[in-house]
Each structure stands twice: as C-alpha cells, then as structure tokens.
Amino acid sequence: MTGQPAFPLAAYAVHLAGPTDFDGWRDAARRLSTNEVKPEDIEWHVGGEGDELPAPTPGVELRVSRDFIERAAIVTCHSDSERFALLYRLLWRQRSEPHLLRIASDPDVRRFEAMEKSVRRDEHKMHAFVRFRKIGDGDEERFVAWFEPDHFILELAAPFFVRRFTGMHWAILTPHGSAEWDRERLALGPGASKDDAPAADQSEEMWRTYFASIFNPARLKVKAMQAEMPKKYWRNLPEASLIPELISGADAAAREMIARMPTMPAAHHQAIQARHWPALEPSPETEAHSIDALRQQASQCRRCPLWSEATQTVFGEGSDNAELVFVGEQPGDQEDLQGRPFVGPAGKIFDAVLGEAGIERTAVYVTNAVKHFKFEPRGKRRIHSKPNAGEVQACRWWLAQELTLLKPKLMVALGATAAQSLLEAPVAITKQRGQTIKRDDGLAVFLTIHPSYILRIRDPQEAAAERARFVADIRTVREMMAG
Amino acid sequence: MAVLSTREKLAILSDAAKYDASCASSGAGGRDSLKSGGIGSTEGMGICHSYAPDGRCISLLKILLTNFCIYDCSYCINRSSSNVRRARFTVDEVVRLTMDFYKRNYIEGLFLSSGVIRSPDETMTEMVEVARRLRLDEKFAGYIHLKTIPEASAELIEKAGLYADRLSINVELPTDEGVKRLAPEKRPETIRVSMAKLRSKIEEKAEPTLRTKTRERFAPGGQSTQMIVGADATSDARILKTSARLYGSYQLRRVYYSAFSPIPDASSALPLRKPPLMREHRLYQADWLMRFYGFEQGEILDGTPDGMLELEIDPKLAWALRNRASFPLDVNRADKERLLRIPGLGTRAVERILETRRFKRLRLDDVGRLCQSITKVRPFIVADGWSPGAATDAARLREAIAPKPRQLELFR
C-alpha cells in the first residue's frame with residue numbers, strides 16, 4: 001500500500017464531563033472526524049480523564065444538518081451507554097450518505113429514532129406523572145415532587161414546569177439531579193433521595209377519591225392502562241395503590257350494576273315531570289292562517305327524508321304583504337346553519353343586485369322551492385346536491401300555501417328548480433329567462449337565473465357579464481311591479 | 001338531607017360524570033403563565049396525567065356541577081326518575097378543587113358538565129361563573145371544557161366561549177328517533193341548531209376584527225360531541241353516516257362514541273349487559289378512516305350484509321378483504337392515497353415509506369421495519385424482491401392474518 005493516512009489508526013478513549021455532555025461530544029466528534037478517526041476506533045465514557053484528542057483539521061468542514069444536531073442533543077439524554085458511539089457512527093456515515101437520516105429502514109437510523117422516541121416519551125411521562133406535594137402556607141408555600149425518570153431528562157423536562165407553574169415556588173427531585181423554581185429563576189442542583197421530598201399531601205385523599213370514582217368497573221381494560229402507565233411509575237403516584245382493589249372488585253361491581261333490578265322512580269320524579277314537562281298537545285297540521293303559523297308547522301316537516309340530514313327547515317321570510325315573491329332552489333350551508341334563506345354567498349349577490357335594481361329586500365318575500373338543505377358530506381365540508389323531482393314535489397305543499405296566503409302580483413323563479421316547482425313543468429332557464437309565464441291560477445312567474453350560477457362561472461369577465469344580465473332582469477321585474 | 005362534605009360530593013359528582021367519554025385536552029393552542037405569573041399552560045397536545053383501570057386517560061377533572069336533573073333520559077344515571085344520591089357543588093368548591101388538583105400536577109384542567117336544574121340558563125350561568133372565576137380570579141391558564149346546555153341563551157354561550165377552550169353539545173344518540181324514544185324531553189332539532197350556532201360563532205370569532213386586527217378568544221379548541229352506542233338497535237353504517245353529517249355540518253373536532261354502559265339503578269328500557277367495548281373501538285377506527293385515511297363514509301361498510309363493522313378484524317382490513325381487486329399495491333410506486341388503503345399501514349408508516357423510497361427502493365424487510373407488523377401488510381403489497389403471488393386472492397387469507405378469536409375478554 002502506498003500513502004499513509006494523516007494519522008495512524010489508533011484507539012481513542014473520550015471521557016465526557018457528564019451523562020448529558022452534548023457539547024463535549026460535539027467537540028470530540030469534530031476533532032476526531034476531521035482527523036479521519038473511524039467509529040470503531042473510539043471508546044466513549046462519561047467522567048474520568050481521557051486521551052488528548054487531536055486538534056480539528058483546519059479547513060476540513062463538518063457538514064451535518066441542523067436537524068441531526070438537534071435530535072442528537074435529545075438522544076444524548078438517553079441512558080444507553082452506547083448512545084455517544086451511535087451518534088458518532090451516524091455522523092461518520094452521513095459524510096458519504098447525506099440522506100441517511102431519511103432512510104427510516106436503516107438499522108442505525110431506526111435505533112437513533114427509537115432512542116429519540118424513548119427520551120421524548122420519558123420526558124412526556126415526567127410531565128404527566130410528577131406529583132407535587134405542598135408544604136407550608138402563604139409566603140412559605142412550596143410544592144415539592146420526587147420523580148424517577150428512565151433517562152437523564154430533568155433539564156429537558158424542567159422548562160415545561162416553569163411555563164406551567166410560573167406562579168408557584170416548586171422543586172423536582174430526582175436521583176440524578178434536582179430543579180427548583182422560585183417564581184423567577186430555575187436552578188439546577190445535585191441529585192436527591194425520596195426522603196428529601198414531603199411524604200404526604202392532604203389533597204391526595206381527594207385525588208384518590210376522584211380516581212376511584214371516575215373509574216367505570218364495567219369497562220375494565222387493565223392492559224390498556226398499563227401500556228400507558230407502566231408499573232414502574234406506580235410507586236410515586238398517590239392514586240396507584242388503589243389500582244389492585246379497583247381491578248379485583250370490578251367484576252363484582254359491574255355484575256351488581258347489571259343484576260340490580262330497576263327500581264321505582266325516585267320520589268321527586270313525578271313532581272319534576274308535572275312542573276317541567278306538562279303533556280304537550282299534539283298539534284295537528286291544521287290550515288295555517290299566517291306565514292308565522294305556516295313556518296311553525298314547517299319546522300316539523302317530514303314530508304320527504306331531507307330533514308334527517310339538515311339542521312333545520314329554512315322557511316321563507318319577508319313582508320307578509322309582499323306583492324313580489326322570489327323563489328330560489330334550496331337553502332345552502334350558511335342558510336342551513338342560520339335558518340334563514342339567502343344569507344350565504346349567493347344571498348350576498350342577491351342582496352346586492354336587489355339594491356342595484358332599486359328593490360328593498362324587506363318589502364319582498366324570499367323563499368325556496370325546497371326548504372331543507374340537501375348535501376353530501378365531504379370531510380369538513382358539505383357539497384350541495386340538487387333536489388330531485390320527488391323532493392320538489394313534496395315541498396310544493398309549503399310553497400303553494402305561502403303563495404295562497406301572500407297572493408303576490410308577481411313571482412320570480414330564480415333558476416330551473418324554482419321554475420319547475422312553480423310551473424310544474426321542466427323549464428330551460430337559459431333559453432327562457434326574461435319571460436313571464438302565466439299559470440292556470442292567474443299568477444305570473446318571471447324566469448331568471450339563480451344567483452349561485454354567477455358564483456360558478458370561473459372567468460371573471462364572463463361572471464361580470466352574467467351578473468349584469470341578472471341586474472337587468474331584476475330591473476325588468478321592478479318595472480313590471482311599477483307598471 | 002344531611003350536609004355532604006366536598007369529598008362526598010366529589011365521589012358522587014365524578015361517578016355521575018364518568019359515562020361521558022370525552023377527556024381530550026388538546027387543540028387549545030399554545031399558552032403559558034410566563035407573562036401573567038399565574039398558573040397553567042396548554043401546549044397543543046394534552047397530557048394524560050393518569051389512567052384508570054378501564055384504560056381511559058385521566059386528563060381533566062371531569063365532574064358535574066350537580067346531578068339533580070329535570071330530564072329523564074333513560075340511559076343516564078342522573079335522570080330524574082333515578083334513585084341515585086344527589087349532590088350539588090358550589091361554584092367555590094369547583095374552583096378550589098380544580099386549582100388544588102392542578103397545582104399538584106394531577107390534571108390538565110376542568111371538564112365541567114351538569115344536570116339541568118330549574119332552567120337551562122340558571123345552570124349554564126353557574127358553569128360560566130366557574131370558568132370566569134378560574135380565568136380572572138385565579139389567573140388559571142389550564143384547559144377548560146364546558147358541556148353546553150343546548151337551550152341556554154346566546155349571551156351565556158358567548159361568555160362560555162370566552163373562557164372555555166372547548167365547548168360541546170351531546171347529540172346523545174345517533175338518530176332522532178332514538179333520542180325521542182330514550183330521551184323524550186330532549187329536542188334533537190334544538191341540539192342541531194345549537195351546534196350550528198356554535199359553529200357560526202366559532203367561525204365569526206376566528207376572523208380578525210376590523211378594529212384591532214386581532215382575533216377574539218372563543219373556544220379555540222372548537223366543539224365536539226358524543227353519542228351513545230348500543231343503547232338502541234342503530235347499525236354502525238347509520239352511526240357513521242350521522243358522524244359524517246356532524247363533521248361536515250358543524251366542523252366538529254371530534255365525535256366521541258360511548259359504548260352504552262350499564263348504570264346503577266338502570267331503566268328497564270335498556271339492554272342490561274356489559275358495554276360493547278370492541279364495537280366502540282371499531283367505530284373509532286372507522287371514524288379515523290373517514291378523517292385521516294381518505295375513506296368515504298359509504299365505502300367503509302359497502303358490501304356488508306348488515307351494515308355492521310366486524311368485531312374480529314379492523315375495518316380497513318375488512319374493507320381490503322372485500323376489495324381484493326385493488327391489491328396488491330406496489331409500495332415503491334403507489335401514491336399516498338393508495339398506500340393509506342393498505343391494511344396494517346398507519347398514516348405515520350405511509351409518511352415514512354414515501355420519505356424513504358425517495359432514496360432507496362423498499363424491500364419487504366424495509367417495510368417491516370417501518371410498520372408495526374408485516375403479517376397483515378404482506379399479502380397486500382409488492383416490494384423489491386417480494387410479490388404475494390396468489391396470496392392476495394387466497395380463500396383462507398382472512399384466517400391466515402386475522403387474530404385468533406379470543407373469548408371472554410371482549411364482551412359483545
């Protein structure tokens with residue numbers, strides 16, 4: 001072999017200052033990797049005196065992602081003694097495999113991820129299972145907890161408690177270190193023992209009462225509990241000593257619930273029923289003599305199945321003396337939520353166009369051919385579906401009564417469904433718009449588009465042109481009313 | 001009646017609250033006490049501070065303000081005809097309990113519900129007062145979930161949303177007919193309108209105001225609901241249809257399914273048996289398929305004889321077995337939407353497959369390292385060096401991968 005490596009192959013022993021000395025690992029890793037020291041030639045230790053490490057080779061840059069550095073700092077908190085070696089190996093391999101960390105099926109990457117996950121889980125469980133005990137009162141009030149984490153996570157986990165318990169003076173003691181917050185500063189200190197923490201807290205009896213009462217013995221799932229709250233945590237949880245008796249008594253408690261015969265209603269029940277729920281007279285669908293009465297009846301409409309998916313009946317509204325009636329197709333999403341016709345996006349156009357044409361919305365009556373919203377749910381949205389002939393037919397019952405009560409001079413059919421309902425025949429709106437058709441009963445129906453049609457036109461110029469035609473139609477309507 | 005101690009009340013009023021499944025404390029966004037010097041924080045995902053032996057997370061102090069109630073819903077332990085012991089907390093007691101528990105790190109916050117006494121507004125007023133005192137007097141920044149009474153006035157709902165992170169209204173049962181039969185005084189139409197109003201209010205407040213350009217606080221954790229499963233004969237298909245409607249119509253964060261549990265002093269109108277826990281679990285899985293896996297509600301149970309989810313196998317595997325023509329899928333080529341259909345692959349595993357395959361072609365053992373168990377996945381995929389051959393269409397495939405039936409542990 002010709003050519004010599006810059007440094008002879010040699011085993012290095014690195015001694016880090018502490019179990020979570022990430023800066024020390026980083027410094028050593030920089031020195032060693034830029035000098036081409038292979039992973040298998042390094043031993044990693046915590047504490048003690050180590051070898052003199054070579055200076056970083058000048059000009060050799062170590063390129064690793066920020067993501068790796070951040071995650072490596074987390075993995076450093078793991079209790080596995082091989083964590084530093086693994087991190088170095090990953091660092092080493094990334095020089096020739098820059099995408100290594102994104103190959104989740106690689107064994108080193110899997111182990112890295114598993115260690116990261118384990119530290120994160122331990123941190124999460126610490127956030128969950130620390131139990132403070134109170135000592136002192138008033139200014140002397142302190143909250144102290146004893147906790148035994150799996151990994152070296154105290155420093156990692158402490159800021160959470162600062163953010164959450166800012167207004168408390170507290171301390172968390174662990175075998176490897178302690179953290180104290182005095183409402184202003186977080187101080188880290190040496191490890192402690194269980195005896196250094198308070199032995200009891202009077203709130204624990206309350207908490208145990210709650211724990212025992214919130215448990216439903218009919219749903220015993222011990223494995224599910226232990227998966228999330230492993231036994232190793234139990235010794236520091238005041239509620240955990242109740243678990244064995246709750247489990248052993250569960251079956252009997254559940255059986256008793258089932259076996260117990262239904263009893264007579266409680267004594268106060270009759271009085272409550274009489275006072276709050278007087279028997280309601282069934283309201284027969286008699287002939288309504290006002291729009292309000294009709295609206296009341298329609299709120300319970302079951303003439304077609306659309307009610308079962310919708311929020312509510314959206315009945316017509318406007319002036320009881322209106323001479324002009326607008327009929328749309330059906331309520332949309334917003335109309336269904338608010339219970340009023342023409343309040344959604346199409347309603348906004350409708351209102352604006354009425355204004356431009358010089359018609360007051362409050363002076364007219366606005367309603368729909370179908371009074372429940374028909375839709376298909378798509379995740380968090382509802383997609384409008386066109387009502388079918390049967391639904392239009394079923395709902396005509398209401399529309400006919402509205403018209404009988406109002407006796408308008410003119411009706412405006414907004415779109416094909418409205419026209420079909422009013423004329424009881426299919427209508428081609430694009431061909432027949434602008435026409436007025438007399439019904440057999442003498443009522444006149446003016447045909448135009450539904451304002452939602454304008455919303456569906458993609459091209460802005462075309463949409464504007466269509467809107468102008470709609471305004472012109474509504475102006476014609478106003479002239480007809482004036483004439 | 002003897003005067004009850006706070007501890008006795010706690011026992012009664014937490015026992016009365018335990019049939020409500022919801023315990024989530026997530027979705028409130030980030031909030032802490034660093035500036036206020038008070039107590040409490042929320043950081044996205046809520047924390048489960050303990051687990052009861054029923055396997056359910058204990059995250060919130062879940063209690064009723066009172067279990068006196070003028071309603072007589074036959075599935076409810078607190079119905080007016082029940083002989084259960086009654087109790088009523090004062091506002092002060094609830095505030096103190098919440099703070100005592102929170103400061104010891106037992107809980108993430110409060111989930112306050114109540115029986116309805118006298119009138120919906122009187123009850124709601126007291127619940128809102130608890131939330132107001134926690135927020136303003138105690139500088140409490142932890143999680144608050146208020147169960148909203150559908151008939152309560154709009155002003156009270158507005159105040160509730162100002163202090164609470166989440167509001168919820170229970171639809172009680174999957175169908176209106178069920179509500180009419182088992183909860184005769186409840187009005188399904190009022191419940192729907194209340195949920196609609198809540199959605200409108202949440203959306204309105206989510207818009208920055210014109211004047212200050214900031215958003216007003218209103219239930220940042222959104223709204224949720226719960227329905228009881230197994231108290232009547234409604235099929236799973238019907239239940240999922242109701243869920244799809246609720247998610248679409250009212251932008252719910254969650255629909256909770258609560259397996260009907262026998263209650264002490266049960267009404268004779270109800271099935272007296274152990275709660276259908278496995279059915280509840282399958283419903284949650286199906287709910288997940290709709291929300292995170294791109295399944296339409298209709299296809300989950302399409303082709304089943306009775307519209308019921310199978311109890312022995314999960315709904316995605318059941319769907320795949322009914323739709324074998326869609327498989328096997330090539331894990332090195334199939335798009336995300338298709339990968340999500342493969343039994344045994346969760347959303348996380350799919351993300352990792354998509355990420356990893358940008359850099360290397362996946363073999364079967366690679367996939368095995370990315371998912372929980374390869375057994376369920378194997379017959380449905382093609383990978384480098386792996387093809388299931390006729391296994392996908394094998395008559396006994398179901399027996400080969402379905403877990404062996406276990407007896408007694410799971411009650412139907």
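Residues numbered from 1 in each chain as written. Chains lettered and ligands numbered in written order. Predicted model: local features only at pLDDT ≥ 70, side-chain atom pairs only at ≥ 80, totals over all residues.

By the naming in an unreviewed UniProt entry, chain B goes by DNA modification/repair radical SAM protein and is assigned to Aminobacter ciceronei. Entered under Cofactor (unreviewed entry) in the UniProt record, the comment concerning chain B runs "[4Fe-4S] cluster". (UniProt positions renumbered as here; feature names shortened; annotations may be inferred.)

Looking at an unreviewed UniProt entry, one finds chain A named Type-4 uracil-DNA glycosylase and attributed to Aminobacter ciceronei. For the record of chain A, the UniProt heading Sequence similarities (unreviewed entry) holds the text "Belongs to the uracil-DNA glycosylase (UDG) superfamily. Type 4 (UDGa) family."

**Some words on the overall build of chain B**
Looking only at helices and strands, chain B features 15 helices and 12 strands. Relative to the globule expectation of 22 Å for 412 residues, the C-alpha radius of gyration of chain B, 24 Å, shows essentially globular dimensions. For chain B, the spread of C-alpha atoms along the three principal axes comes to 70 × 55 × 40 Å. Counting every position in chain B, which comprises 412 residues, the buried fraction comes to 52%. (Helix = DSSP H or I, 4+ residues; strand = E, 2+ residues; numbered from the N terminus. Rg over C-alpha atoms; globule rule 2.2 N^0.38 Å. Buried ≥ 20, exposed ≤ 12 C-beta atoms within 10 Å, placed from the backbone.)

**Re the overall build of chain A**
Check the secondary structure of chain A and you find 17 helices and 15 strands. Relative to the globule expectation of 23 Å for 483 residues, the C-alpha radius of gyration of chain A, 38 Å, shows a markedly less compact shape. In terms of principal-axis extent, the alpha carbons of chain A reach across some 105 × 80 × 45 Å. Expressed as a percentage of its 483 residues, the buried residues of chain A come to 35%. Once local pairs closer than 6 in sequence are excluded, the contacts in chain A between residues at least 24 apart make up 68%. (Contact = placed C-beta atoms within 7 Å.)

**Remarks on the UniProt feature "domain: Uracil-DNA glycosylase-like" (unreviewed entry) in chain A**
As annotated in UniProt, the feature "domain: Uracil-DNA glycosylase-like" (unreviewed entry) corresponds to residues 315-475 of chain A in the numbering used here. A helix fraction of 43% and a strand fraction of 20% characterise residues 315-475 of chain A, whose end C-alpha atoms lie 26 Å from each other.

**Quick look at helix H6 (residues 203-214) of chain A**
If you check H6(A), its first and last C-alpha atoms are 17 Å apart, about what 12 residues at 1.5 Å a residue would give, namely 16 Å. All buried positions along H6(A) are accounted for by A:Met206, A:Trp207, A:Thr209, A:Tyr210, A:Phe211 and A:Ile214. Against helix H1 (6-15), strand E3 (50-51), strand E4 (57-58), strand E5 (60-64) and helix H2 (91-103) of chain B lie the buried residues of H6(A). (Expected span 1.5 Å × (residues − 1).)

**Some points on the sheet that holds strand E8 (residues 166-168) of chain B**
All names here are of chain B. Pairing is parallel in the open sheet, where six strands are placed in the order E5-E6-E7-E8-E9-E10. The open sheet terminates on both sides in strands that have one partner only, identified here as E5 and strand E10 (254-259). Going across the sheet, the axis of each strand differs from the next one's by a mean of 20°, ignoring polarity. For strand E7 (residues 143-147) and E8, the ladder comprises three bridges, and the chain directions are parallel. Paired with Lys147 across the strands is Ser168, a residue of E8. (Pairing = 2+ DSSP bridges. Axes fitted to C-alpha atoms, helices over the stretch in contact; angles between N-to-C directions.)

**Points about the domain arrangement of chain B**
Residue and element names in this part refer to chain B. Domain assignment breaks chain B into domain 1 (6-274) and domain 2 (276-412). Between domain 1 and domain 2, the C-alpha centre-to-centre distance is 34 Å. The interface is formed by 15 residues belonging to domain 1 together with 17 residues belonging to domain 2. Elements represented by at least two residues in the side of domain 1 that touches domain 2 include exactly helix H7 (236-250) and E10. Among the elements that line the side of domain 1 that touches domain 2, the one with the most residues is H7, at eight residues. Across the side of domain 1 that touches domain 2, the residue classes break down as eight nonpolar, three polar and four charged. (Domains from an automatic or database assignment. Nonpolar A, V, L, I, M, F, W, Y, C, P; charged D, E, K, R; others polar.)

**Thoughts on H7(B)**
All names here are of chain B. Counted at 1.5 Å a residue, the expected span for H7 with its 15 residues is 21 Å, and the 21 Å between its end C-alpha atoms agrees. For H7, a buried count of 13 out of 15 residues is recorded, marking the element as mostly surrounded by other parts of the structure. Looking at the residues trailing H7, positive phi occurs at Gln251, about 55°.

**Looking at the pairing of strand E7 (residues 186-189) of chain A**
Residues and elements named next belong to chain A. Relative to E7, strand E6 (residues 177-181) runs antiparallel, the two being bridged by four bridges. Pairing of Trp181 across the sheet is with Leu186, part of E7. Linking E6 to E7, which pair antiparallel, is a turn of four residues; within it Arg183 sits at a positive phi near 80°.

**Topic: the sheet that holds strand E3 (residues 133-135) of chain A**
All names here are of chain A. Taken in spatial order, the five strands make up an open sheet running E3-E4-E5-E6-E7, and their pairing is mixed. Each edge of the open sheet is held by one strand with a lone partner, namely E3 and E7. Strand-to-strand twist of the sheet, defined as the mean angle between neighbouring strand axes without regard to direction, takes the value 20°. Running at roughly 20° to E6, helix H5 (residues 154-164) makes contact with strand E5 (170-174), E6 and E7 of the sheet.

**With respect to the confidence of the model for chain B**
Residues and elements named next belong to chain B. In this model, chain B carries a mean pLDDT of 91, and residues with pLDDT of at least 70 account for 96%. Per-element mean pLDDT across chain B ranges from 86 in helix H15 (residues 397-401) up to 98 in H2. In this model residues 407-412 is a low-confidence stretch, pLDDT under 50, and it forms six contacts with partners more than four residues away in sequence or in other chains. As scored by the predictor, the complex reaches a pTM of 0.90 and an ipTM of 0.92. (pLDDT = per-residue confidence, 0-100.)

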